[in-house]
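Tertiary structure, described
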Amino acid sequence: MTQHAPLGIAVVGTGKMGADHVRRINDVISGARVTAVVDVDAERVKAIAAGIEGCTAYTDPAAAMAADDVDAVLIASPGFAHEAALLAAFTHDLPVLCEKPLTPDAASALRVLEAEQKLGHRRVQVGFMRRYDAEYLKLKALLDSGELGRPLMVHNRHRNASVPPGYMNANLINDSVVHEMDVTRWLLGQEITAVTVLRPRPSSNAPEGLDDPQFVVFETDGGAIVDVEINVNCGFGYQVQAEAVCERGSARIGEAHDLLVNTAGRWGGSIAQDFVERFVDAYDREVQAWVDATRRGEVTGPSAWDGYAAAAVCEAGVRSQNEGGRVEVELIERPAFYR
Ligand code: ISE
């Protein structure tokens, strides 16, 4: 890549999120283009590549990463496929934006940390896009200013209209609550030390075998308590809300008060139907920031350490789901490389 040439990106995984990122890179952000798309579904990936000038279809991530026109990799395949894709990217020393979760468990996340440290420089940004959401950024700035005093508690609501078939109890933690794990660490600047998962009697909207909703409580090393209502078949829309309760006040985001309409004896607005819609601006900002940093030769944003820390909290959460009660988080000491 010459300094002014657009960054050539391989998008690995072209499901809902990957396809949305392909659209974003092609049509929304600047400084990059999609030069490779990779998916196990050969027909699907061929059809996507056919619509993009200069883009090649692959079924093997490693083959895409070896191509001359690939300067960086965006991984949006399912979590279990991330470790292999990350290690392949490291072989070519390519910068990576890896969708969450970094990997599905702490041991594999640690292997990624070790491999990145061997490169001698950071290469990974993890796709915790809420850190780029305008409302979360305002909340963080307010908490950091100290105006409200010390945060004591954070109440979160995380609601999906529905989830795809095959989404199980562990996905509630690994795919959904993982966002609140990252947001808690980032907003409070504290590590999560213990997780407790509680379950009410499941909703009749929940598919067979899924205990939905659930209520998750984190304890942090700064003495805060954080709760999350995770409710992924609420039926009415996609809602992510957070209220930080501090010593001198509280602050809430996610109320979606952008347009309120009064009509026919009612008032209200609309509710986004999924995360692609609700977080569209955050995703745009996240991918643009990654491209800009990569073109400057820098790595910014949530690191592989953040991905590992979230994976360790997920592990405790899944154990609490399976065994019940409070489970302590086991975290290695943060390597100097990630400080
Ligand atoms: C999905 O994978 C996401 O990452 C969304 O942000 C989250 O809200 C949803 O619950 C997950 O299934």
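Residues numbered from 1 in each chain as written. Predicted model: local features only at pLDDT ≥ 70, side-chain atom pairs only at ≥ 80, totals over all residues. Heavy atoms only, no water.

Some details on the packing of helix α4 (residues 82-91) against helix α5 (residues 106-119)
Any two packed helices are characterised by the angle at which their axes cross and by the distance between the axes. To keep it simple, the criterion reads: Comment: axis = line fitted to C-alpha atoms, over the contacting stretch for helices; angle = value between 0 and 180 degrees taken between N-to-C directions. Numbering of helices and strands starts at the N terminus; helices are DSSP runs of H or I of at least 4 residues and strands are runs of E of at least 2. When an angle is under 35 degrees it counts as roughly parallel; over 145 it counts as roughly antiparallel; between 65 and 115 it counts as roughly perpendicular; any other value is oblique. Pairs of residues are marked as contacts when any of their non-hydrogen atoms sit within 4.5 Å. Any residue outside Ala, Val, Leu, Ile, Met, Phe, Trp, Tyr, Cys, Pro, Asp, Glu, Lys and Arg is labelled polar, Gly included; the first ten of those are nonpolar and the last four are charged.
Running from N to C, α4 and α5 cross one another at 5°; their axes reach a closest spacing of 10 Å. With respect to α5, the element α4 is oriented roughly parallel. The segment α4 lies against α5, with Glu83, Leu86, Leu87 and Phe90 engaging Ser108, Arg111, Val112, Ala115, Glu116 and Leu119. The residue inventory of the contact of α4 with α5, partitioned by class, reads 6 nonpolar, 1 polar and 3 charged.

Description of unusual backbone geometry
Short version of the rule: Accessible area is worked out with a 1.4 Å probe on protein chains only. A residue is then buried under 20% of its type maximum, exposed over 50%, and partly exposed in between.
Following Lys100, the chain continues to Pro101 via a peptide bond in cis, the omega torsion being -10°. With respect to the helices and strands, the residue Pro101 is situated in the loop between β5 (96-99) and α5. Each neighbour pair has its own omega, and for Asp212 with Pro213 the value is 5°, a cis peptide bond. Tracing the backbone through its elements, the reader meets Pro213 in the loop between β8 (192-198) and β9 (214-220). Of note in the backbone geometry, Asp93 takes a positive phi value of approximately 50° without being a glycine. Even without being glycine, Ala264 reaches a positive phi, approximately 50°. Following the sequence through the fold, Ala264 ends up in the loop between β13 (261-263) and β14 (266-268). Accessibility expressed as a relative area gives 75% for Ala264, which makes it exposed.

Looking at the site of the ligand
Threshold: Residues are classed as near a molecule or strand on a simple rule: at least one heavy atom within 4 Å of it. Contacts described as polar in this section are N or O atom pairs within 3.5 Å, which, within protein, must combine one atom able to donate a hydrogen with one able to accept it, while residues neighboring in sequence count only if both atoms come from side chains. Computed with a 1.4 Å probe, the accessible areas rest on the Shrake-Rupley method; for each residue, only the protein chains presented here act as cover.
Lys100, Met129, His158, Asn160, Tyr167, Asp175, Ser176, His179, Tyr238 and Phe275 make up every residue found near the ligand. Note that an oxygen atom of the ligand is positioned 2.7 Å from one of the side-chain N or O atoms of Lys100. At 2.9 Å from an oxygen atom of the ligand is found a side-chain nitrogen or oxygen belonging to His179. Across the complex, the protein chains shield 89% of the 300 Å² of accessible surface that the ligand would expose by itself. Sort the elements by how many residues they give to the shell around the ligand and helix α7 (residues 169-188) lands first, with 3 residues. A breakdown of the residues in the shell around the ligand according to their chemical character gives 4 nonpolar, 4 polar and 2 charged.

Here's the deal with the packing of aromatic side chains
Let me state the cut-off plainly: The criterion for an aromatic pair is that two Phe, Tyr or Trp rings (for Trp, the six-membered ring) have centres within 6.5 Å, with stacked assigned to planes under 30 degrees apart, edge-to-face to planes over 60 apart and tilted to the rest. For a Lys NZ or an Arg CZ to count as sitting over a ring, it must be within 6 Å of the ring centre and within 35 degrees of the ring normal.
Scanning the model with the defined rule gives 4 aromatic pairs in all. Ring centres 6.3 Å apart and planes at 85° place the aromatic pair Tyr238 and Phe279 in the edge-to-face group. Of this pair, Tyr238 sits in the loop between β10 (225-231) and β11 (239-246) while Phe279 sits in the loop between α8 (275-278) and α9 (280-295), and the two are 41 residues apart along the sequence. The exposure class of Tyr238 is buried, given its relative accessible area of 5%. Positioned above the aromatic ring of Phe275, the side-chain terminus of Lys16 is 4.9 Å from the ring centre.

Remarks on the sheet that holds β5
Sheet strands line up and pair through hydrogen bonds in the backbone, either parallel or antiparallel. We count it as follows: By this definition, two strands are paired if DSSP reports at least two bridges between them.
Across the sheet, 6 strands lie side by side as β3-β2-β1-β4-β5-β6; this open sheet has parallel pairing. Bordering the open sheet on either side are β3 (56-58) and β6 (124-127), each of which pairs with just one other strand. When strand polarity is set aside, the average angle formed by the axes of neighbouring strands in this sheet is 25°. Pairing between strand β4 (residues 72-75) and β5: 3 bridges, direction parallel. By the bridge assignment, Leu74 is partnered in β5 with Leu97.

Geometric values such as these leave the question of function open.
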